[in-house]
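Residues per chain, in single letters:
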Amino acid sequence: SALFGGSIDMSSVFNCVIQNSNFIGNNAERYGGALKYFNSDKIPRSFVNNCTFKDNRASDGAAMNINGAKIVKVQLSHFMVNTVSNHGGGMYIEKCTNVVIEKMLFARHSALIGGSIYMLNVFNCFIQNSNFIGNNAEHNGGALYSFSSDKIPRCFVNNCTFTYNRASYGAAMCLNGAKIVKVQ
């Protein structure tokens, strides 16, 4: 248990690579129940591959909270039963340029907004070949919530399955401010 990053708290790390790891039962009072990554450098990168995040808790981003990365790539991982009191049951991603989420499982998350994923001011977002099952948001975005005040944010969702997700608005997705949206 910690104030930030229940398991790992990183700031101003140029490259963050986490792979073949399990994060189970971690808790942060504020950001990143398992992992918090903050960077204000010019070209920071964050990669997560083949990891499990389960039963983690925080106020924002129960499994992970990533802020300020130029490139974020999360793939071949399972996010299950993570809970927040605010935003992003699985992931909270803010002020990132390119976010790629692929070949993922997001199951049984709970949040106020963004049951599995909450994105704020993300410029390019690519979510593909992923499953969102039984996620819940009290307000917006049962599986996915995105808000952007940037001029030309883009969100692409390809070959994803959304099953049994719930929210007051957008049981699967709630996208606010996106200028280009492509779902197929």
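Data block above holds the structure.
(A) A look at the sheet that holds strand β4 (residues 22-24). Ordered in space as β4-β8-β12-β16-β20-β24, the 6 strands form an open sheet in which the pairing is parallel. The open sheet is flanked by β4 and β24 (161-163), the only strands paired with a single partner. The sheet shows a mean angle of 5 degrees between the axes of neighbouring strands, taken without regard to direction. Pairing of strand β8 (residues 52-54) with strand β12 (residues 78-80) involves 3 bridges; the strand directions are parallel. Directly across from Lys54, in β12, lies its bridge partner Met80.

(B) Geometry of the side chain of Asn67. Its location among the elements puts Asn67 in strand β10 (residues 64-67). Other than its neighbours up to four places away in sequence, Asn67 contacts Tyr37, Phe38, Asn39, Glu94 and Lys95.

(C) Structural view of the packing of aromatic side chains. Inspection of the entire model under this criterion finds 8 aromatic pairs. With 4.8 Å between their ring centres and 10 degrees between their planes, Phe23 and Phe53 make a pair best called stacked. Of this pair, Phe23 sits in strand β4 while Phe53 sits in strand β8, and the two are 30 residues apart along the sequence. The class of Phe23 is buried, set by a relative accessible area of 6%. When its relative accessible area of 0% is taken as the criterion, Phe53 is described as buried. Plain terms: the ring middles of Phe53 and Phe79 are 4.6 Å apart, the flat faces sit at 25 degrees to each other, and that makes the pair stacked. Remark: Phe79 occurs in strand β12 and Phe53 occurs in strand β8; sequence separation between them is 26 residues. In this structure, Phe53 and Phe79 share a single accessibility class: buried. Three or more aromatic residues joined by ring pairs form one cluster here, namely Phe23, Phe53, Phe79, Phe106, Phe132 and Phe162.

Cut-off values and rules
Residues numbered from 1 in each chain as written. Predicted model: local features only at pLDDT ≥ 70, side-chain atom pairs only at ≥ 80, totals over all residues. Heavy atoms only, no water. Pairing = 2+ DSSP bridges. Helix = DSSP H or I, 4+ residues; strand = E, 2+ residues; numbered from the N terminus. Axes fitted to C-alpha atoms, helices over the stretch in contact; angles between N-to-C directions. Contact = heavy atoms within 4.5 Å. Phe/Tyr/Trp six-rings, centres within 6.5 Å; stacked < 30°, edge-to-face > 60°. Buried < 20%, exposed > 50% of the residue type's maximum accessible area, 1.4 Å probe, protein only.

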